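# Observations on the three-dimensional arrangement
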Amino acid sequence: MSDEIVCGQPGPEAPRPSYFKRGGWLLVALPLWFLVYHYLEPFANALTTRLFGLDLQGHLGSAVAFFFYDSPKVVMLLALVVLGVTFMQTFITPEHTRDVLARRAGTWGNLLAALFGIFTPFCSCSAIPLFIGFVRVGVPLGVTFSYLVSAPMVNEVALFMLLAMFGWKIAFIYAGTGVAIAFIAGWVIGKLKMEHHLEPWVMEIPFNAEAAVADEQRMGFSERLELGVQGVQDIVGKVWPYLLVGIGVGAFIHGFVPAEFMARFMGSGHWWSVPLAVLIGVPLYSNAAGVIPIVQALLGKGAALGTTLAFMMAVIGLSLPETIILRKVLRPRLIAVFVGVVALGIVLVGYLFNFIL
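Residues numbered from 1 in each chain as written. Predicted model: local features only at pLDDT ≥ 70, side-chain atom pairs only at ≥ 80, totals over all residues. Heavy atoms only, no water.

## Notes on the overall build of the protein
Basically, it comes down to this: The helix count covers DSSP runs of H or I at least four residues long, the strand count covers runs of E at least two residues long, and both are numbered beginning at the N terminus. Each residue gets one of three labels from its accessible area relative to the maximum for its type: buried under 20%, exposed over 50%, partly exposed in between, using a 1.4 Å probe on protein chains only. In what follows, a contact means two residues having at least one pair of non-hydrogen atoms within 4.5 Å. Residue-level accessible areas treat just the shown protein chains as cover; the underlying method is Shrake-Rupley with a 1.4 Å probe.
A count of helical and extended segments in the protein gives 18 helices and zero strands. Classification of the 357 residues of the protein by burial places 47% in the buried group. In the protein, of all internal contacts separated by at least 6 residues, the share reaching a separation of at least 24 is 83%. A total accessible area of about 18400 Å² is found for the protein, and carbon and sulfur atoms account for 69% of it.

So this is what it looks like as structure tokens:
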């Protein structure tokens, strides 16, 4: 009888996880991360020369060393950034963003939405529910588009990786111009009053986020950190093939493409280099982590900064698969205006930085 649980009395509480499991492992993992990251380049060079017997000054040796160095470097950077960003994003849910933007209209609404895009999650898989939720709660269409342009293009992963690999100047230029494009694109679309070019079913779907908000409010540090780890597993697990392809392309450019060739076709002296970079970038499917190694190789070979930024923005912000998914909620004319305004903004940014830098 003593072993029975009295009706109405709570059962024994589950043992509390150890300090290590609740986040103490970070005290070991972070120093180890920095130690490994510090020795990546000498390890890659030693692997290329001693194991494969290649000359680092040769075309093949240079390409192989680039691949061996950038592959773990980009994966490690991506994992660290995703862990931190996903942890922070547990405090900023899409529902909170939607509610704030619904109370803003006009120019300030576009600016706020463009800035929100930097800190909130957005990908092609979440395009439809986010778009529906924003529109149904009363967020103006132009403000919604400022967010939709900014979130994939000026996402936090791209900014942190650009900062780590190229320094604050290029990261700041990329962020500033991306926000400007998002702001102007949303403002223009808002002025065109194209709400009637949404698919009719968009306004018929209910959007209820109470459960998500309740879950967010109950989370503690260990639960948020667990979501961060889950984010690393999900994102790195999904994008690593694109990372390797991007790094492989970057390695080929780094090792085999002459600097004179890149300067000729992607230099600042040719008016057609920026539009060509945008046209090449739009059909490609990659995320920021996958395209940054290509950007690194292009800049290293003498490609102009404006042309390279235009290529990167086109790949991330105007990817064909994302446009196809958005077609489910937007009619063709609105899709065409969206793509046209954003592409024009990217081209102008490319020309601007080719001119001033």
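## With respect to the pattern of salt bridges
Stated formally: By salt bridge we mean one thing: a side-chain nitrogen of Lys or Arg within 4 Å of a carboxyl oxygen of Asp or Glu.
Going through the model one piece at a time under the given rule, you end up with one salt bridge. When the shortest N-O distance is used, the salt bridge between Asp70 and Lys73 registers 3.4 Å. You can see Asp70 and its partner Lys73 sitting in helix H4 (residues 59-89), three residues apart, about one turn around the helix. Here Asp70 falls in the buried class, since its relative accessible area comes to 1%.

## A few points about a nonpolar patch on the surface
What counts, and what does not: Grouping into patches uses exposed residues only, defined as over 30% relative accessible area, and leaves out salt-bridged ones; the cut-off is 9 Å for like charges and 5 Å for nonpolar side chains (Val, Leu, Ile, Met, Phe, Trp, Tyr).
A surface patch of nonpolar side chains, amounting to about 610 Å² of accessible area, comprises Met88, Phe160, Leu163, Trp168 and Phe172. Going through the elements one at a time, helix H9 (156-166) and helix H10 (168-192) are the ones with two or more residues in the nonpolar patch. Following the sequence through the fold, Phe172 ends up in helix H10.

## Focus on helix H16 (residues 305-317)
Threshold: Under the convention used throughout, the expected extent of a helix is 1.5 Å for every residue step, that is, one less than its residue count.
Counted at 1.5 Å a residue, the expected span for H16 with its 13 residues is 18 Å, and the 18 Å between its end C-alpha atoms agrees. Of all 13 residues in H16, 13 are buried; the element is thus mostly enclosed.

## Considering the packing of aromatic side chains
Threshold: Aromatic rings from Phe, Tyr and Trp, taking only the six-membered ring of Trp, are treated as a pair when their centres fall within 6.5 Å; an angle between ring planes under 30 degrees marks them as stacked, one over 60 as edge-to-face, and anything in between as tilted.
Under the definition given, this model contains six aromatic pairs. On the numbers, 5.0 Å between centres and 10 degrees between planes, the contact of Trp33 with Tyr37 is stacked. Placement of both Trp33 and Tyr37 in helix H2 (residues 26-38) is noted, with a separation of four residues, approximately one turn of the helix. Judged by relative accessible area, Trp33 falls into the buried class, the value being 15%. Since its relative accessible area comes to 23%, Tyr37 is described here as partly exposed. Within the aromatic cluster, the residues linked to one another by ring pairs are Trp33, Phe34 and Tyr37.

## Regarding the nonpolar core
Note on soluble globular proteins: their nonpolar side chains tend to be buried together. Condition: Residues belong to a common nonpolar core when they are buried Ala, Val, Leu, Ile, Met, Phe, Trp, Tyr or Cys residues joined through side-chain atoms within 4.5 Å.
In this structure, Met153, Tyr174, Met312, Val342 and Ile346 are the most contacted members of the largest nonpolar core, which totals 88 residues. When near neighbours in sequence (up to four residues on either side) are disregarded, Met153 contacts Tyr174, Gly178, Ile181, Met313, Ile316, Gly317, Val342 and Ile346.

## Considering the environment of Gln57
Among the structural elements, Gln57 can be located in the loop between helix H3 (40-51) and H4. Between the alpha carbons of Gln57 and Gly255 there is a distance of 9.1 Å; along the sequence they are 198 residues apart.

## A look at the packing of helix H8 (residues 141-153) against helix H18 (residues 332-356)
Quick reminder of the rule: Geometry is summarised by axes, namely lines fitted to C-alpha atoms with helices restricted to the contacting stretch, and by angles between N-to-C directions that run from 0 to 180 degrees. Small angles under 35 degrees read as roughly parallel and large ones over 145 as roughly antiparallel, with 65 to 115 read as roughly perpendicular and the rest as oblique. Crossings are sorted by hand: turned counterclockwise from the far helix by less than a right angle, the near helix makes the crossing left-handed, and turned clockwise it makes it right-handed. All amino acids are sorted into three groups, where Ala, Val, Leu, Ile, Met, Phe, Trp, Tyr, Cys and Pro are nonpolar, Asp, Glu, Lys and Arg are charged, and the leftover types, Gly among them, are polar.
Interaxial distance between H8 and H18 falls to 12 Å at its minimum, and their mutual angle equals 55 degrees. Taken together, the axis directions place H8 and H18 in an arrangement best described as oblique. Taken as a pair, H8 and H18 cross one another with a handedness that is right-handed. Contacts from Leu141, Phe145, Val149 and Met153 of H8 reach H18 at Leu334, Phe338, Val342 and Ile346. Of the residues assigned to the contact of H8 with H18, the class counts are eight nonpolar, no polar and no charged.

## Brief notes about the environment of Val81
Looking at the element boundaries, Val81 is found in helix H4. A relative accessible area of 10% places Val81 in the buried class. Along the primary structure Val81 and Val232 are separated by 151 residues, whereas in three dimensions their C-alpha atoms are 8.8 Å apart.

## Notes on unusual backbone geometry
One non-glycine residue, Lys193, lies in positive phi territory at about 50 degrees. By the secondary structure assignment, Lys193 is in the loop between H10 and helix H11 (210-218).

## As for H8
When the terminal C-alpha atoms of H8 are compared, their 19 Å separation across 13 residues agrees well with the 18 Å that a helix rising 1.5 Å per residue should span. Of all 13 residues in H8, 13 are buried; the element is thus mostly enclosed.

Remember, this is a structural readout, not a statement about activity or role.
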